[in-house]
Amino acid sequence: MENITLQLDGQTLKAALHGNIDTTNAPMVEKTLFDFLAGNPAQNAEVDCEDLKYISSAGLRVILRLKKAIKDTRIFNVSSEVYEIFDVTGFTEMMDVQKAYRVVSVDGCEVIGQGANGKVYRIDPETIVKVYLNPDALPEIHRERELARTAFVLGIPTAIPYDVVRIADGGYGSVFELLNATSFAKLLARGEMDTAEIARRSIDLLKLIHGTVVKPDAVPDMKQVAIGWADDLNGFLEPELEEKLRALIHAVPDDNHMLHGDYHVKNVMFQNGESLLIDMDTICHGHPIFELGSMFNAYYGFLETDHDVAMRFLGIPYETAVDLWNKELRLYLDGADEETVRAVEAKAMLIGHTRILRRQLRRGGTSTEAGRLVVENSHRHLQELLPVIDSLVF
């Protein structure tokens, strides 16, 4: 029938609705649907509404009968006009109804931010889009939106995504309105701010983040994540060093203060005199040593065996990145003496190289010359640091 097409994919009924479904054709749509199901039983159903222009109450009753026959039924690719019908009639409360996503292209767009899970592009003067590396990132997108809202409600200046889009080359993205916002990395590269000013603004925002208490179940616990890193190195480090590493991380006190989790100059935007966080999918809670470990990696650890990574990742020279790390660490420790600064840096370095080593081993380890250099470098640092560090707390 021209208004509905059907197929069975394993245990899933895949139905596509077309045109208008109203009193004139709803009975035939229903008969076609249930005649097909009689010979092709299914455990769940997916109803694609990309080509559905209108649905009346008679058509909605067909959907309702399908939902009663197959409890696990979802409706997707629904246009705004048709979605309103589903919403007004209460269907969005009874079943999973998903709007269609508009498609945008990032070809030729400026990359203004980059994190562990995606890249941020400016698509016009007022709008940026974060494109996720995972092509099936919808759960990640919804999770990040909740994390961003959590941070915003608690007083952290951050951009809130207002739309989800499909990317022309594949995958999904979150859209933010950031009029004329510029990343700290770009301001540095252009010479519009120097490392001293960027460091001051960065640490002012970071201290606001770290001074914010969150409910433990609202965001992930970074200590538990770090314990996982150490566990993944089982059998790679010497047994006494593995034991020491686990003991050090386990001994870090539980802490309900917020961490960003991937804090660096490409993840902070400057707009109208205000610093704004982006890339909020790494928001978590825990002791600040875990944040400092992540910052050490961004400005030093990831760049140590290949200084050109600084330009590719941050858009600034290696020397500038290292200078920024040193200035930010001193500002964060608020006038501490040099011995204290270096001691905290060693703790951050230990956390950072634990993460780098685990990351590299999971991504191919020593299969390339570059990979071997990274593994050997991090291994060496851990061998040097673990015997002399007795606590990660500062």
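In what follows, the accompanying structure is described. (Residues numbered from 1 in each chain as written. Predicted model: local features only at pLDDT ≥ 70, side-chain atom pairs only at ≥ 80, totals over all residues. Heavy atoms only, no water.)

Of regular secondary structure, the protein chain possesses 14 helices and 16 strands. Dimensions of the protein chain, computed from the C-alpha atoms along their principal axes, are close to 80 × 50 × 40 Å. When the 394 residues of the protein chain are sorted by exposure, 52% land in the buried category. A separation threshold of at least 6 residues defines the contact pool for the protein chain, and within that pool the share at least 24 residues apart is 68%. Accessible area for the protein chain stands at about 18,200 Å²; split by element, carbon and sulfur atoms hold 49% of it. Side chains of the protein chain give 40 positive and 60 negative charges; the mean places of these two sets differ by 2 Å. (Helix = DSSP H or I, 4+ residues; strand = E, 2+ residues; numbered from the N terminus. Buried < 20%, exposed > 50% of the residue type's maximum accessible area, 1.4 Å probe, protein only. Contact = heavy atoms within 4.5 Å. Areas by Shrake-Rupley, 256 points an atom, 1.4 Å probe, with all protein chains shown as cover. Lys, Arg positive; Asp, Glu negative; His and termini not counted. Charge placed at Lys NZ, Arg CZ, Asp CG, Glu CD.)

To continue, consider the sheet that holds strand β5 (residues 96-99). Here we have five strands laid out as an open sheet, ordered β1-β2-β3-β4-β5, and mixed in their pairing. In this open sheet, the two strands that pair with only one neighbour each are β1 (4-9) and β5. With strand direction ignored, the average angle separating the axes of adjacent strands in the sheet is 15°. Examined bridge by bridge, β1 and strand β2 (residues 12-21) share six bridges and lie antiparallel to one another. Within the sheet, the bridge partner assigned to Gln 7 lies in β2 and is Lys 14. Relative to the sheet, helix α1 (residues 26-39) contacts β1 and β2, its axis offset from that of β1 by approximately 15°. Contacting β2, β3 (44-55) and β4 (72-78), helix α2 (residues 57-69) crosses the sheet at an angle of about 175° to β3. (Pairing = 2+ DSSP bridges. Axes fitted to C-alpha atoms, helices over the stretch in contact; angles between N-to-C directions.)

A few words now on the sheet that holds strand β9 (residues 127-132). Strand order in the open sheet formed by six strands is β6-β10-β11-β9-β8-β7, and the pairing between neighbours is mixed. Since the sheet does not close on itself, it has two edges, and those belong to β6 (103-104) and β7 (110-114), each with one partner. Sheet topology note: the β7/strand β8 (residues 118-124) ladder contains four bridges and is antiparallel. Residue pairing for β8: Val 111 is matched across the bridge by Tyr 121.

There is a patch of like negative charges on the surface, built from Glu 81, Glu 84, Asp 87 and Glu 93. In terms of residue count, helix α3 (residues 80-88) provides more of the negative patch than any other element does, three residues in total. Here Glu 84 lies in helix α3. Among the residues examined, Glu 84 registers a relative accessible area of 52% and is labelled exposed. (Patch = residues over 30% accessible without salt bridge, like charges linked within 9 Å, V, L, I, M, F, W, Y side chains within 5 Å. Salt bridge = Lys/Arg side-chain N within 4 Å of Asp/Glu carboxyl O.)

This next bit is on the nonpolar core. Judged by nonpolar contacts, the single largest core of 73 residues is most densely connected at Ile 249, Val 265, Phe 290 and Leu 350. If near-sequence neighbours (up to four positions away) are discounted, Leu 350 is found in contact with Leu 245, Leu 248, Leu 382, Leu 385, Leu 386, Ile 389 and Leu 392. Within the second largest apolar cluster, 28 residues are counted, among which are Ile 4, Leu 37, Leu 60 and Tyr 83. (Core = buried A, V, L, I, M, F, W, Y, C linked by side-chain atoms within 4.5 Å.)

Let's shift gears to α2. Look at α2: 18 Å from first C-alpha to last across 13 residues, which is about the 18 Å you get at 1.5 Å a residue. Along α2, the residues classified as buried are Ala 58, Gly 59, Leu 60, Val 62, Ile 63 and Leu 66. Buried residues in α2 make contact with β2, α1, β3, β4, α3 and α4 (91-94). (Expected span 1.5 Å × (residues − 1).)

Within the chain, Asn 77 stands out as a residue other than glycine whose phi angle is a positive 60°. In this fold, Asn 77 is placed in strand β4. Asn 77 gets classed as buried once you look at its relative accessible area, which sits at 16%. The backbone phi angle of Asp 334 is positive, close to 55°, even though this residue is not glycine. Inspection of the secondary structure assignment puts Asp 334 in the loop between α12 (318-332) and α13 (338-362).

So, about the pairing of β8. The sheet contact formed by β8 and β9 spans six bridges and is antiparallel. The residue of β9 that forms the bridge with Lys 119 is Val 131. Taken together, β8 and the strand that follows it, β9, pair antiparallel across an intervening segment of two residues.

A few words now on the packing of aromatic side chains. Given two aromatic rings, their pairing is described by the distance between the two centres and the angle made by the two planes. Considering all chains together, one arrives at six aromatic pairs under this definition. Plain terms: the ring middles of Tyr 101 and Tyr 172 are 5.6 Å apart, the flat faces sit at 80° to each other, and that makes the pair edge-to-face. Of this pair, Tyr 101 sits in the loop between β5 and β6 while Tyr 172 sits in strand β11 (residues 172-177), and the two are 71 residues apart along the sequence. When the centroid spacing of 6.3 Å and the interplanar angle of 45° are considered together, the rings of Tyr 300 and Tyr 318 count as tilted. Here Tyr 318 lies in helix α12 and Tyr 300 lies in the loop between α10 (288-299) and α11 (309-314), a separation of 18 residues in the sequence. Its end group placed over the ring of Tyr 83, Lys 99 keeps NZ or CZ at 5.0 Å from the ring centre. Taking the ring centre of Tyr 332 as reference, the NZ or CZ of Lys 207 above it sits at 5.9 Å. (Phe/Tyr/Trp six-rings, centres within 6.5 Å; stacked < 30°, edge-to-face > 60°. Lys NZ or Arg CZ within 6 Å of the ring centre and 35° of its normal.)

By themselves, these figures tell us nothing about what the structure is for.
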